Amino acid sequence: MLELLAENRSFGGVHRRYRHRSSELNATATLAVFLPPRALAGERVPALYWLSGLTCTDENFMQKAGAHRLAAALGLALVAPDTSPRGDDVPTDPSGGWDLGHGAGFYVNASESPWNRHYRMHAYVVEELPALLEAELPLSPARGISGHSMGGHGALVAALRHPGRYRSVSAFAPICHPSACPWGRKAFAAYLGGDQRHWAAWDATLLIAEAPERLPLLVDQGSADPFLEEQLRPADLAAAAAAAGHRLELRHQEGYDHSYFFISSFIDDHLRHHAAALLG
């Protein structure tokens, strides 16, 4: 059951923060939802699920992306979960790093102890959260998914692994090949274990060849992103998509970095991309 934490009117709709007990995470989860005016009038509306990146919470996208105005006009709900389970009993990086543990769930289902008791962000985002929200809020089962950086990785993997679950997918500066970059290798070794054969199921570049559904992929990447070559590796995704014949629109945005200034500059394009699939 959702517990309302805060509510703000926004562009004729409403932004809400909720808390609930998650069985997948074995923890209390916090999330944000924007409901457009149509939903407040009683209409069931489609939802775009946004997965944020390392160190973020549910608040970053809702406060910084500038997505409410167009989402309200289109009649599109926005859902922003947190980036990891949290709580005093939820393990985090013992070295105090910011790229593992709290704020760094990587949207996988952890198999290794002690992470596997809580770090099941994939199952939470794909299964538990939509079921809860569609039961308690005026949301239809028409879903899109998007995200940024670690969240872009999570969005691509969710869509590639679950044919029929989403009608649209996009990403900003996603971690495209986590098995081959420092952020991904650290997280995957902890959450999934040292056998790299188990990592392929959580790597968009490796999944794309066998994807049973061919949703068009929209990816924006800034040319001035400091993480571009070492961590994000969009060229790897592009090569895999070309080899598989999977439609990918990879847009290189000159001079843009990894920040929400970049996201807010192009979020309208992504909202329209999702609306075309979700609203017809």
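In the block above lies the structure referred to throughout.
What comes next is a walk through the structure.

Criteria and thresholds
Residues numbered from 1 in each chain as written. Predicted model: local features only at pLDDT ≥ 70, side-chain atom pairs only at ≥ 80, totals over all residues. Heavy atoms only, no water. Helix = DSSP H or I, 4+ residues; strand = E, 2+ residues; numbered from the N terminus. Bend = angle between axes of the 7 residues up to and from the residue. Polar contact = N/O pair within 3.5 Å; in protein donor to acceptor, adjacent residues only side chain to side chain. Phe/Tyr/Trp six-rings, centres within 6.5 Å; stacked < 30°, edge-to-face > 60°. Buried < 20%, exposed > 50% of the residue type's maximum accessible area, 1.4 Å probe, protein only. Lys NZ or Arg CZ within 6 Å of the ring centre and 35° of its normal. Contact = heavy atoms within 4.5 Å. Pairing = 2+ DSSP bridges. Axes fitted to C-alpha atoms, helices over the stretch in contact; angles between N-to-C directions. Arc of directions from axis to C-beta.

## Re unusual backbone geometry
Glycine aside, residues mostly have negative phi, and peptide bonds are mostly found in the trans state. Backbone torsion omega between serine 113 and proline 114 reads 0°, so that peptide bond is classified as cis. Turning to its location among the elements, proline 114 is positioned in the loop between β5 (77–81) and α4 (121–136). One non-glycine residue with positive phi stands out, namely serine 149, at about 60°. One non-glycine residue, arginine 233, lies in positive phi territory at about 55°. For arginine 233, the position within the fold is in the loop between α8 (228–232) and α9 (234–244).

## Here we look at the environment of glutamine 253
One can find glutamine 253 in strand β9 (residues 248–253). For the pair glutamine 253 and proline 212, spaced 41 residues apart in the sequence, the C-alpha separation amounts to 30 Å.

## As for helix α10 (residues 260–278)
For α10, the principal kink sits at phenylalanine 266 and spans about 50°. The residue sitting at the N-terminus of α10 and contributing the capping side-chain oxygen is serine 259; that oxygen lies 3.2 Å from the backbone nitrogen of phenylalanine 261. A positive phi of about 80° marks glycine 280, the residue just after α10.

## Regarding the packing of aromatic side chains
Going through the model one piece at a time under the given rule, you end up with 13 aromatic pairs. Taken together, a centroid distance of 5.3 Å and an interplanar angle of 80° make the contact between tryptophan 115 and tyrosine 119 edge-to-face. This pair shows no difference in class: tryptophan 115 is buried, exactly as tyrosine 119 is. With 5.3 Å between their ring centres and 20° between their planes, tyrosine 119 and tyrosine 191 make a pair best called stacked. One end of the pair, tyrosine 119, is in the loop between β5 and α4; the other, tyrosine 191, is in helix α6 (residues 182–192), with 72 residues separating them in the sequence. A relative accessible area of 1% places tyrosine 119 in the buried class. Following the ring pairs from residue to residue traces out a cluster consisting of Trp50, Phe61, Phe172, Tyr256, Phe262 and Phe266. Above the face of the tryptophan 202 ring, arginine 161 is positioned so that its terminal group lies 3.8 Å from the ring centre.

## Points about the side chain of glutamine 231
Tracing the backbone shows glutamine 231 in helix α8. Separated by 3.0 Å, the side chain of glutamine 231 and the backbone nitrogen of tryptophan 183 make a polar contact. With residues up to four places along the chain from it excluded, the contact list for glutamine 231 reads Ile175, Cys181, Pro182 and Trp183.

## Looking at the sheet that holds strand β1 (residues 3–10)
Across the sheet, which stays open at both edges, the nine strands sit in the order β1-β2-β3-β5-β4-β6-β7-β8-β9 with mixed pairing between neighbours. Among the strands making up the open sheet, the edge pair consists of β1 and β9. Neighbour-to-neighbour, the strand axes of the sheet open up by a mean angle of 20°, direction not taken into account. Relative to strand β3 (residues 27–35), strand β2 (residues 13–22) runs antiparallel, the two sharing nine bridges. Bridged to histidine 20 within β3 is alanine 29. The strands touched by helix α5 (residues 150–161) are β4 (45–51), β6 (139–147), β7 (168–172) and β8 (217–222); relative to β6, the strand with the most contacts, the crossing angle is about 130°.

## Considerations on α6
Burial in α6 covers these residues: Trp183, Gly184, Ala187, Phe188, Ala190, Tyr191 and Leu192. Projected down its long axis, α6 carries its buried residues within an arc of 165°, all on one side. Taken together, the buried residues of α6 touch α5 and α8. One or two steps after α6, the chain reaches glycine 193, where phi turns positive at roughly 95°.

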